[in-house]
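The lines below spell out each chain.
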Amino acid sequence: GLGSADHPLLGAVVGLAGVDGVLLTGRLSLVSHGWLADHVVLGVVVVPGTALVELVLRAGDGVGCGWLEELTLEAPLVVPECGGVQVQLSVGVPDGVGRRVVGVFSRLEGEGEGSWTRHAVGVVSADVSGGAVVEGLGVWPPVGAVAVDVGGVYERLAGVGLEYGPVFRGVRAAWRRGDEVFAEV
């Protein structure tokens with residue numbers, strides 16, 4: 001009953017019996033996904049929020065819902081120094097307009113039937129934008145945005161407990177317009 005998830009962070013996908021939902025599962029560890037060691041928060045390896053977005057988008061794509069409407073991060077997904085963490089993504093049944101709730105869960109490997117922690121919950125749907133450009137982003141950098149100096153950004157972040165190794169040092173430029181920040185990463 002398992003199919004391949006065809007994703008580097010997920011191993012399998014299974015359709016749920018009796019409902020139009022799916023479950024995707026995988027295992028993360030510093031041995032199998034060493035690049036995660038370059039994302040450290042307060043001394044602990046944490047799966048980046050962008051990776052959670054990627055997982056949710058993969059889960060949505062599998063059921064024809066490749067548009068991420070919202071995602072709420074609830075708890076960090078910590079990767080232990082030794083061993084691994086089991087990961088599950090649940091994709092619920094479609095509502096009346098085709099939207100589906102997606103949840104991201106984990107538990108430490110070896111906990112047997114231990115409880116799962118929910119790290120994120122979101123909503124995916126079919127892309128209804130038609131590929132339209134977000135209003136105001138047809139010009140880059142955005143009109144009215146002021147350049148921000150990004151030199152030394154990683155050193156400043158390390159000073160507050162956010163350590164980014166080479167894999168995650170991708171900020172090239174940034175601009176601010178009021179409360180909005182735009183970046184080239």
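Since the structure is predicted, the reported quantities are computational estimates derived from the model, not experimental observations.

1. Considerations on a nonpolar patch on the surface
In step 1: Residues Leu16, Val19 and Val93 make up a contiguous nonpolar surface patch of about 230 Å² in total accessible area.
In step 2: Along the chain, valine 19 falls in the loop between strand E2 (10-15) and strand E3 (22-29).

2. Some words on the pairing of E3
In step 1: Pairing geometry for E2 and E3, over four bridges, is antiparallel. Bridging across to E3, valine 13 finds its partner in leucine 24.
In step 2: Here E2 folds back onto E3 in antiparallel fashion, the turn holding six residues, of which glycine 18 has a positive phi close to 85°.

3. Comments concerning the sheet that holds strand E12 (residues 173-177)
In step 1: With respect to topology, three strands assemble into an open sheet ordered E10-E12-E13, the strand pairing being antiparallel. Every interior strand has two partners, whereas the edge strands, strand E10 (146-148) and strand E13 (180-184), have only one. With strand direction ignored, the average angle separating the axes of adjacent strands in the sheet is 30°.

4. With respect to the pattern of salt bridges
In step 1: The final tally for this structure, using the stated rule, is six salt bridges.
In step 2: The partner of arginine 27 in a salt bridge is glutamate 109, with the nearest N and O atoms 2.3 Å apart. In this pair, arginine 27 is assigned in strand E3 and glutamate 109 in the loop between strand E8 (100-108) and strand E9 (117-125), connecting sequence segments 82 residues apart.
In step 3: It is possible to trace a salt-bridge network through shared partners that takes in Glu69, Asp95 and Arg99.

5. Quick notes on the confidence of the model for the protein chain
Reading predicted coordinates in detail is not appropriate for stretches of low pLDDT.
In step 1: Of all residues in the protein chain, 95% attain a pLDDT of 70 or more, and the chain-wide mean is 93.
In step 2: The secondary structure element of the protein chain with the lowest average pLDDT is strand E1 (residues 3-7), at 92, and the one with the highest is strand E5 (residues 44-45), at 98.

6. A few points about the sheet that holds E1
In step 1: Sheet architecture is open: seven strands sit in the order E1-E2-E3-E7-E8-E9-E6, paired in antiparallel fashion. Two strands in the sheet have a free side with no partner beyond their single neighbour: E1 and strand E6 (67-73). Neighbour-to-neighbour, the strand axes of this sheet turn through a mean angle of 25°, independent of strand direction.
In step 2: Alignment of E8 against E9, held across seven bridges, turns out to be antiparallel. When the sheet's bridge partners are listed, valine 101 is paired in E9 with valine 123.
In step 3: The sheet strands contacting helix H1 (residues 49-61) are E1, E2, E3, E6, strand E7 (84-91), E8 and E9, and the helix crosses E6 at an angle near 135°.

7. Some points on the layout of surface pockets
In step 1: Volume-wise, the largest pocket comes out at about 270 Å³.
In step 2: As for the largest pocket, its lining consists of His39, Pro48, Gly49, Thr50, Val153, Tyr154, Leu157, Tyr164, Phe168, Gly170, Val171 and Val185.
In step 3: Among the secondary structure elements, those contributing two or more residues to the lining of the largest pocket are H1 and helix H2 (153-158).
In step 4: No other element matches H2, which puts three residues into the lining of the largest pocket.
In step 5: For the lining of the largest pocket, a count of residues per class yields eight nonpolar, four polar and no charged.

8. Considering the pairing of E8
In step 1: One ladder, built from seven bridges, connects E7 with E8; its direction is antiparallel. Its bridge partner lying in E8, leucine 89 is registered against valine 104.

9. A closer look at the packing of aromatic side chains
In step 1: Applying the stated criterion across every chain yields a total of four aromatic pairs.
In step 2: Each ring, one from tryptophan 140 and one from tryptophan 175, has its centre 5.4 Å from the other, and the planes form 75°; the classification is edge-to-face. Of this pair, tryptophan 140 sits in the loop between E9 and E10 while tryptophan 175 sits in strand E12, and the two are 35 residues apart along the sequence.
In step 3: Classification of tryptophan 175 by relative accessible area gives buried; the value is 11%.
In step 4: With a centroid separation of 5.9 Å and 75° between ring planes, the pair formed by tyrosine 154 and tyrosine 164 is classed as edge-to-face. Taken as a pair, tyrosine 154 in helix H2 and tyrosine 164 in strand E11 (residues 162-164) lie far apart in primary sequence, 10 residues in all.
In step 5: The exposure class assigned to tyrosine 164 is partly exposed, which follows from its relative accessible area of 22%.
In step 6: Aromatic ring contacts, followed pair by pair, group Trp140, Trp175 and Phe182 into a single cluster.

Cut-offs and rules
- Residues numbered from 1 in each chain as written.
- Predicted model: local features only at pLDDT ≥ 70, side-chain atom pairs only at ≥ 80, totals over all residues.
- Heavy atoms only, no water.
- Patch = residues over 30% accessible without salt bridge, like charges linked within 9 Å, V, L, I, M, F, W, Y side chains within 5 Å.
- Areas by Shrake-Rupley, 256 points an atom, 1.4 Å probe, with all protein chains shown as cover.
- Salt bridge = Lys/Arg side-chain N within 4 Å of Asp/Glu carboxyl O.
- Helix = DSSP H or I, 4+ residues; strand = E, 2+ residues; numbered from the N terminus.
- Pairing = 2+ DSSP bridges.
- Axes fitted to C-alpha atoms, helices over the stretch in contact; angles between N-to-C directions.
- pLDDT = per-residue confidence, 0-100.
- Contact = heavy atoms within 4.5 Å.
- 1 Å grid on protein atoms, 1.4 Å probe; cavity = no way out; pocket = protein on both sides within 12 Å on 5 of 7 lines; lining within 4 Å.
- Points joined across faces, edges and corners; volume = space filled by probe spheres on them.
- Nonpolar A, V, L, I, M, F, W, Y, C, P; charged D, E, K, R; others polar.
- Phe/Tyr/Trp six-rings, centres within 6.5 Å; stacked < 30°, edge-to-face > 60°.
- Buried < 20%, exposed > 50% of the residue type's maximum accessible area, 1.4 Å probe, protein only.

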